[in-house]
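Fold and contact review
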Amino acid sequence: MSFTLDGVGLTHANGFTALADISLQASQGERIALVGPSGAGKTSLLSVLGTALTPTAGQGKVLDCPLGGTTPGGHAAKWVRPRIGTIHQAPPLPGRQRVVTAVLAGKLGQWPAWKSLASLLYPLDIAGARAALARLDLADKLFVRCDQLSGGQLQRVGIARVLYQQPQLILADEPVSALDPALALATIRLLIADAEARNATLVASLHAVDLALGNFSRIVGVKAGRIAFDLPADQVGMPLLHDLYASEGGELPVQAHEPHFLSQPAANDAATRAACC
Ligand SMILES: Nc1ncnc2c1ncn2[C@@H]1O[C@H](COP(=O)(O)OP(=O)(O)OP(=O)(O)O)[C@@H](O)[C@H]1O
């Protein structure tokens, strides 16, 4: 198993319960899209899987490491964290940092301390960083400072960093939200192809339901901190989606703005997917 969550809950310090009774499993190599309205708990769920947040209820394991066993500096943290690659909606990259350093930082947790330190002073694997950036059409930005990039370019640098890292588990939080529809589709397909080639597990939260349904075989709907459904994409129909997004007036967020997609009685129609995804 890549991860198992059993009745996991997360209540924040202010008493707000962001996740409740989450039970979810994934085999190594599975690719899952998380969909749901704003505030549903998708980022919270990814943070628990990434061991950035510790559940306040339930139990689970990520890459065989028990959740809550990842105290800073502890053995479990040192072992599991370098094997998880997180893609943030807005990558937290220092503005003054060069793109090459930001990409190479993907392997800081895997390298010995001397190599990490040396690479911060002078990039040690420029060819590796360039190759990862080239996959996202950004090879020409290798020595550019991060604060000189657009939001979409910065988002793709965050993805290049994870491609360079080659983690066993990729957690992507709205990874293509700043990209135009065509680039978003190409980038999601690149991430999926990379995960497939390496048998890595990929869990991606996606704002656009058409992007999720058209590219992922397993869809997990999250609503009010709970799993609303966990189904193969071809079983996720329009009534289920409209119910999931009821708090947003039932309007489905789509990438391609295809009226055709929205008028279909079920999203599992192959022609619909071909038309919009
Ligand atoms: N540190 C925190 N303290 C209290 N509440 C929080 C905290 N972080 C998140 N929340 C709340 O938890 C809920 C779930 O947030 P989360 O970011 O997981 O949702 P999301 O589904 O990712 O939303 P979006 O699609 O808008 O990014 C929200 O209501 C949010 O306000």
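- Within an unreviewed UniProt entry, the label attached to the chain reads ATP-binding cassette domain-containing protein, and the organism entered is Dechloromonas hankyongensis.

1. Side note on the nonpolar core
- Counting residues in each nonpolar core, the largest one holds 74 residues, and the members touching the most others are Val103, Val157, Ala160, Ile170 and Ala212.
- With residues up to four places along the chain from it excluded, the contact list for Val157 reads Pro91, Leu93, Val99, Ala102, Val103, Leu138, Cys146 and Leu149.

2. Side note on the environment of Ala57
- Position of Ala57 among the secondary structure elements: in strand β4 (residues 57–62).
- Using a count of 14 C-beta atoms within 10 Å as the deciding quantity, one classes Ala57 as partly exposed.
- Separated by 47 residues in sequence, Ala57 and Leu104 place their C-alpha atoms 36 Å apart.

3. Re the site of the ligand
- All residues in the neighbourhood of the ligand are listed as His12, Asn14, Phe16, Ala18, Gly36, Ser38, Gly39, Ala40, Gly41, Lys42, Thr43 and Ser44.
- Top element by residues in the shell around the ligand is helix α1 (residues 42–49). It accounts for three residues.

4. With respect to the sheet that holds strand β10 (residues 226–232)
- Taken in spatial order, the six strands of this open sheet run β6-β7-β8-β3-β9-β10, and their pairing is mixed. If you trace the sheet from one side to the other, it starts and ends with β6 (84–87) and β10, each paired once. On average, each strand axis in the sheet is inclined to that of its neighbour by 15 degrees, with strand direction left out of account.
- Here strand β3 (residues 31–35) pairs with strand β9 (residues 218–223) via four bridges, running parallel. Of the residues in β9, the one forming a bridge with Val35 is Gly221.
- Of the strands in this sheet, β6 and β7 (169–173) touch helix α6 (residues 151–165), which is tilted by about 170 degrees from β6.
- Contacts from helix α7 (residues 181–198) reach β3, β7 and β8 (201–205) within the one sheet, and its direction differs from that of β8 by about 160 degrees.

5. Some thoughts on the packing of helix α5 (residues 126–134) against α6
- One can describe the packing of α5 onto α6 by two numbers: an axis separation of 9 Å at closest approach and a directional angle of 125 degrees. Here α6 runs oblique to α5, going by the angle between their axes. Taken as a pair, α5 and α6 cross one another with a handedness that is right-handed. In this structure, α5 uses Gly128, Ala129, Ala132 and Leu133 to contact α6, whose residues at the interface are Ala160, Leu163 and Tyr164.
- A class-by-class count of the residues in the contact of α5 with α6 yields six nonpolar, one polar and no charged.

6. Description of the sheet that holds β4
- One open sheet accounts for four strands, arranged β2-β1-β4-β5; its pairing is antiparallel. The open sheet has two edge strands with one neighbour each: β2 (17–26) and β5 (65–66).
- Sitting on the sheet, α1 is in contact with β1 (3–11), β2 and β4, with an inclination near 60 degrees to β2.

7. Some words on α6
- Helix length check: α6, at 15 residues, gives a terminal C-alpha distance of 21 Å against a target of 21 Å (1.5 Å per residue), a fit within 8%.
- Of all 15 residues that make up α6, 12 are buried, and the element is covered over most of its length.
- Within α6 the residues assigned to the buried category are Leu154, Gln155, Arg156, Val157, Gly158, Ile159, Ala160, Arg161, Val162, Leu163, Tyr164 and Gln165.
- Among the structural elements, β6, α3 (99–104), α5, β7 and α7 are those in contact with the buried residues of α6.
- Trailing α6 by a residue or two, Gln166 shows a phi angle of about 55 degrees, which is positive.

8. Details of the environment of Leu202
- One can find Leu202 in strand β8.
- What makes Leu202 buried here is the crowd of 27 C-beta atoms within 10 Å.
- Once the C-alpha coordinates of Leu202 and Ala33 are considered, the two residues, 169 residues apart in sequence, prove to be 8.3 Å apart.
- In this structure, Leu202 is in contact with Arg31, Ile170, Ala172, Leu191, Ile192 and Ala195, ignoring residues within four places of it in sequence.

9. Here we look at the pairing of β7
- Of all five residues in β7, five are buried, a share of seventy percent or more.
- Every second residue of β7 is oriented toward a common face, with Leu169, Leu171 and Asp173 on one face and Ile170 and Ala172 on the other, all of them buried.
- Looking at chain direction, β6 and β7 are connected through four bridges and run parallel. Each bridged residue has a counterpart across the sheet, and for Gly85 the counterpart in β7 is Ile170.
- One ladder, built from five bridges, connects β7 with β8; its direction is parallel.

Criteria and thresholds
All chains use their own residue numbering, which begins from 1 and follows the written sequence. Local features are withheld for residues below a pLDDT of 70 in this predicted model, meaning they are given only at 70 or higher, and side-chain atom pairs are given and counted only at 80 or more; totals for whole chains, interfaces and linings count all residues. A set of buried residues drawn from Ala, Val, Leu, Ile, Met, Phe, Trp, Tyr and Cys, joined through C-beta atoms within 7 Å, is what defines a nonpolar core. The exposure label follows from counting other C-beta atoms within 10 Å of a residue's C-beta, where the C-beta atoms are placed from the backbone and the thresholds are 20 or more for buried and 12 or fewer for exposed, leaving partly exposed in between. In this description, any two residues whose backbone-derived C-beta atoms lie within 7 Å of each other are considered to be in contact. Numbered from the N terminus, helices here are DSSP runs of H or I no shorter than four residues, and strands are runs of E no shorter than two. In this entry, near means the residue's backbone-placed C-beta atom lies within 6 Å of the molecule or strand. One bridge is not enough; two strands pair if DSSP finds at least two bridges between them. A fitted line through C-alpha atoms serves as each axis, taken over the contacting stretch for helices, and the angle formed by two N-to-C directions is quoted from 0 to 180°. Working rule for angles: under 35 degrees goes down as roughly parallel, over 145 as roughly antiparallel, 65 to 115 as roughly perpendicular, anything else as oblique. When the near helix sits turned anticlockwise from the far one by under a right angle, the crossing is termed left-handed; a clockwise turn instead gives a right-handed crossing. Put simply, Ala, Val, Leu, Ile, Met, Phe, Trp, Tyr, Cys and Pro go in the nonpolar bin, Asp, Glu, Lys and Arg in the charged bin, and everything else, Gly too, in the polar bin. Helices are assigned an expected span. That span is 1.5 Å times one less than the residue count.

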